[in-house]
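Architecture at a glance
Each chain, written out:
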Amino acid sequence: NTNGLTTVKSKYITYLPIDSSGITGHWEGETLTRPFSFDITNVAGIYVISGTLMIDISMVGDSMIVQDIVIAGLVKSDGTIDATLSKQWEGFTLQGTLDGIFLNSGSAEGSCGLTITHKDLPTISLGATWMAERQE
């Protein structure tokens, strides 16, 4: 404050919540060279994700494609996803996570991590990226 002049500083914070019209609906994606699909619904203000995933784990040994892996979780208000992956079959247990972000433009991307166990075999751990688009 010199010669009667005053300086004012302003800081603007912009918060962009996800738009339900841009995120709810049926989605088609791909990971580990396999397609997968899921739906996002808005239940009482909470975005719920549900669907199935198919992966090819032939790269770790025997030829094996695991189908119908359950995707279940939530999409947070900032568009980030917090979901789990799970399946049990013939003595195998698969568990994992699906992380990423959904954009109002109708696209999404992220990563997934999987651990497959069987009492007679070594544990298999995999990681991959995924991407998806909302279908009209």
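What comes next concerns the included structure.

Basis of the calculations
Residues numbered from 1 in each chain as written. Predicted model: local features only at pLDDT ≥ 70, side-chain atom pairs only at ≥ 80, totals over all residues. Heavy atoms only, no water. Salt bridge = Lys/Arg side-chain N within 4 Å of Asp/Glu carboxyl O. Buried < 20%, exposed > 50% of the residue type's maximum accessible area, 1.4 Å probe, protein only. Core = buried A, V, L, I, M, F, W, Y, C linked by side-chain atoms within 4.5 Å. Helix = DSSP H or I, 4+ residues; strand = E, 2+ residues; numbered from the N terminus. Contact = heavy atoms within 4.5 Å. Pairing = 2+ DSSP bridges. Axes fitted to C-alpha atoms, helices over the stretch in contact; angles between N-to-C directions. Phe/Tyr/Trp six-rings, centres within 6.5 Å; stacked < 30°, edge-to-face > 60°.

This brings us to the pattern of salt bridges. Two side chains that carry opposite charge are able to pair once their charged atoms sit near each other. Counting across every chain of the model gives one salt bridge. Across the pair Lys 119 and Asp 120 runs a salt bridge, and its minimum N-O distance is 3.9 Å. Across the pair, exposure class does not vary: Lys 119 and Asp 120 are exposed alike.

Formed by 30 residues in total, the largest nonpolar core has its most connected members in Ile 40, Ile 49, Ile 55, Leu 85, Leu 94 and Phe 102. Mapped by element, the contributors of at least two residues to this core are β2 (34-43), β3 (46-56), β4 (65-75), β5 (80-89), β6 (92-102), β7 (107-118) and β8 (121-134). When residues no more than four places from it in sequence are discounted, the contact partners of Ile 55 are Leu 32, Arg 34, Met 64, Ile 65, Val 66, Ile 69, Leu 94, Leu 114, Ile 116 and Leu 126.

Two strands in a sheet stick together by hydrogen bonds in their backbones, pointing the same way (parallel) or opposite ways (antiparallel). Pairing is antiparallel around the closed barrel formed by eight strands, whose spatial order is β1-β2-β3-β4-β5-β6-β7-β8. This sheet shows a mean twist of 25° between the axes of neighbouring strands, independent of strand direction. In the sheet, β7 pairs with β8 via 11 bridges, with the strands oriented antiparallel. In the sheet register, Gly 110 faces β8, and the bridge partner there is Trp 130.

Applying the stated criterion across every chain yields a total of eight aromatic pairs. Between Trp 27 and Phe 102, the ring centres sit 4.9 Å apart and the planes meet at 80°, which makes this aromatic pair edge-to-face. With Trp 27 in strand β1 (residues 25-31) and Phe 102 in strand β6, the pair connects residues that are 75 residues apart, well separated along the chain. Like Trp 27, the residue Phe 102 is buried in the burial classification. When the ring of Trp 89 is compared with that of Phe 92, the centres are 5.1 Å apart and the planes differ by 15°; the resulting orientation is stacked. Residue Trp 89 is classed as buried on the basis of its relative accessible area, which comes to 19%.

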